[in-house]
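Observations on chain architecture
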Amino acid sequence: MLQAVNIRAVTVHDYDQWLPLWEGYNEFYGRSGATALASEITEMTWSRFFEPNEPVHALVAESDGQLLGLTHYIFHRSTTSIGPVCYLQDLYTAEAARGQGVGKALINGVYEQAKLAGASRLYWHTHETNLTAMQLYDKVAEKSGFIVYRKLI
């Protein structure tokens, strides 16, 4: 069983523990080995968390000095609201900490940050095969009914 989990903003001192979580997240979605993200993307992602004018933010879940999970979220404008909207882009819990409330705590952490920023909505999407995560998502949010389309440029 986990000690108390603290959800907090990532700091520059977290890099060595954040990186394996980030790599685990990317591996889960098939971005490893030959299909791994370029190191420049990881470096830019990390640096954005600490730039005051960037809309990209990160929270981590920590217990007893160990990072157990991460979430990255982005504030953006919308044509359907005056205030910002918050997109939870990445959510990952270390395998050893799964099923212990870390993912839910991270989502709630982003929700609190979105409320503080005056956001009208927090949303995210996941892959249709991520059934374990969807069990949690069905408990903490509602399905919007929208289907995501994309076209790579």
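Scroll up to find the structure this text is about.
Here is a short report on the structure shown in this document. (Residues numbered from 1 in each chain as written. Predicted model: local features only at pLDDT ≥ 70, side-chain atom pairs only at ≥ 80, totals over all residues. Heavy atoms only, no water.)

Points about the packing of helix 3 (residues 102–116) against helix 4 (residues 131–140)
Where we set the bar: The axes used here are C-alpha line fits, helices contributing only the stretch in contact, and every angle between their N-to-C directions lies in the interval 0 to 180 degrees. Counting from the N terminus, the helices are DSSP H or I runs at least four residues long and the strands are E runs at least two residues long. Small angles under 35 degrees read as roughly parallel and large ones over 145 as roughly antiparallel, with 65 to 115 read as roughly perpendicular and the rest as oblique. The handedness criterion is simple: a crossing whose near helix is rotated anticlockwise from the far helix by less than a right angle is left-handed, and one whose near helix is rotated clockwise is right-handed. The contact rule is simple, with two residues in contact once any of their heavy atoms fall within 4.5 Å. Asp, Glu, Lys and Arg are counted as charged, while Ala, Val, Leu, Ile, Met, Phe, Trp, Tyr, Cys and Pro are counted as nonpolar; the rest, among them Gly, fall into the polar class.
Direction vectors running N to C along helix 3 and helix 4 enclose 45°, while the axes themselves pass 11 Å from each other. By the angle between their directions, the pair helix 3 and helix 4 is classed as oblique. Classified by chirality, the crossing of helix 4 by helix 3 is right-handed. Contacts between helix 3 and helix 4 involve Gly103, Lys104 and Ile107 from the first element and Leu136, Tyr137 and Val140 from the second. The residue inventory of the contact of helix 3 with helix 4, partitioned by class, reads 4 nonpolar, 1 polar and 1 charged.

Quick notes on the sheet that holds strand 4 (residues 85–93)
We apply this condition: DSSP-based pairing: two strands are paired if at least 2 bridges between them are found.
Within the open sheet, the 5 strands sit side by side as 1-2-3-4-5. Their pairing is mixed. Unpaired on one side and paired on the other, strand 1 (6–9) and strand 5 (122–123) mark the two borders of the sheet. Summarising the sheet, strand 3 (residues 66–76) and strand 4 pair through 8 bridges and their orientation is antiparallel. When the sheet's bridge partners are listed, His72 is paired in strand 4 with Asp90. The strands touched by helix 1 (residues 15–28) within the sheet are strand 3 and strand 4, with strand 3 carrying the most contacts at an inclination of about 70°.

A few points about the packing of helix 1 against helix 2 (residues 39–48)
Here helix 1 crosses helix 2 at 125°, and the two axes come no closer than 12 Å. With respect to helix 2, the element helix 1 is oriented oblique. Judged by the sense of rotation from one axis to the other, the crossing of helix 1 with helix 2 is right-handed. For the pair helix 1 and helix 2, the contacting residues are Tyr15, Trp18, Leu19 and Trp22 in the first and Thr42, Thr45 and Trp46 in the second. Taken together, the residues of the contact of helix 1 with helix 2 sort by class into 5 nonpolar, 2 polar and no charged.

Remarks on the nonpolar core
Formally: In these notes, a set of buried Ala, Val, Leu, Ile, Met, Phe, Trp, Tyr and Cys residues joined through side-chain atoms within 4.5 Å is what counts as a nonpolar core. Summary of the burial criterion: residues with accessible area below 20% of their type's maximum are buried, those above 50% are exposed, and those between are partly exposed, where the area comes from a 1.4 Å probe applied to protein chains only.
Among the nonpolar cores identified, the biggest contains 20 residues, and Cys86, Leu88, Val110 and Tyr137 are the most heavily contacted of them. Per-element accounting of this core gives the leading share, 5 residues, to helix 3. Beyond its immediate chain neighbours, meaning those up to four positions away, Val110 contacts Leu59, Thr71, Tyr73, Cys86, Leu88 and Leu122. With 17 residues, the next largest nonpolar core counts Val56, Leu70, Tyr92 and Ala94 among its residues.

Focus on the pattern of salt bridges
Note that side chains of opposite charge can pair when their charged atoms are close. Defined as follows: In what follows, salt bridge is the name for a side-chain nitrogen of Lys or Arg lying within 4 Å of a carboxyl oxygen of Asp or Glu.
Throughout the structure, instances matching the rule amount to 4 salt bridges. The shortest N-O distance in the salt bridge between Lys115 and Glu112 comes to 3.6 Å. Taken together, the residues span about one helical turn, with Lys115 and Glu112 both in helix 3 at a distance of 3 residues. On the basis of relative accessibility, which here comes to 45%, the residue Lys115 falls in the partly exposed class. On the basis of relative accessibility, which here comes to 39%, the residue Glu112 falls in the partly exposed class. Residues joined in a network through salt bridges with shared partners are Arg8, Asp14 and Glu62.

All quantities given are derived from atomic positions and should not be read as evidence of function.
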